[in-house]
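Analysis of the macromolecular model
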Amino acid sequence: METNKKTEPIQNLYPRKCDTCNKGMNQGYVWDVGYACSDKCLYVNGYTKKQFQEDYEMDYIYYTEWVELDEDVNYDIDGNEVLHGI
């Protein structure tokens, strides 16, 4: 069976992908519009620290770390979907 997805060792995988820079990530911000791996990737397109504070107080955004890989889809550092190594 052929696939266009890469196969890599699990230690090189990330459970999420940043919606701004498209890099794999294992920690960062989560909110209704997606994921951001850093402040640099969060404060884009006019999003401000004031808006962040309001969103945080309303529980619309939070920061987290993922300690386990996703069972279905994971990513390499460049944001490519990756199958688990066999």
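Here the structure is a predicted model, which means the values were calculated and not measured.

**Thoughts on the sheet that holds strand β6 (residues 61–65)**
As summarised here, the arrangement of the three strands in space is β5-β4-β6, forming an open sheet in which the pairing is antiparallel. Looking at which strands have only one partner, the edges of the open sheet turn out to be β5 (34–36) and β6. Neighbour-to-neighbour, the strand axes of the sheet open up by a mean angle of 30°, direction not taken into account. Summarising the sheet, strand β4 (residues 27–31) and β6 pair through five bridges and their orientation is antiparallel. Among the inter-strand pairings, Q27 is bridged to a residue of β6, identified as E65.

**Brief notes about the nonpolar core**
C18, M25, Y29, V30, W31, A36, C41, L42, Y47, F52, I61 and W66 form the largest nonpolar core, which has 12 residues in total. Of all elements in the fold, only β4 and α1 (39–42) reach the threshold of two or more residues within this core. It is β4 that provides the largest number of residues to this core, a total of three residues.

**With respect to the state of the cysteines**
One pass over the structure, following the stated rule, counts zero disulfides. The thiol of C21 is unpaired, and the distance to the nearest cysteine sulfur, on C18, comes to 3.7 Å. Given a relative accessible area of 31%, C21 falls into the partly exposed group. Unpaired in this structure, C37 has its nearest cysteine sulfur neighbour in C21, at a distance of 3.7 Å. C37 gets classed as partly exposed once you look at its relative accessible area, which sits at 24%.

The rules behind the values
- Residues numbered from 1 in each chain as written.
- Predicted model: local features only at pLDDT ≥ 70, side-chain atom pairs only at ≥ 80, totals over all residues.
- Heavy atoms only, no water.
- Pairing = 2+ DSSP bridges.
- Helix = DSSP H or I, 4+ residues; strand = E, 2+ residues; numbered from the N terminus.
- Axes fitted to C-alpha atoms, helices over the stretch in contact; angles between N-to-C directions.
- Core = buried A, V, L, I, M, F, W, Y, C linked by side-chain atoms within 4.5 Å.
- Buried < 20%, exposed > 50% of the residue type's maximum accessible area, 1.4 Å probe, protein only.
- Disulfide = S-S within 2.5 Å.

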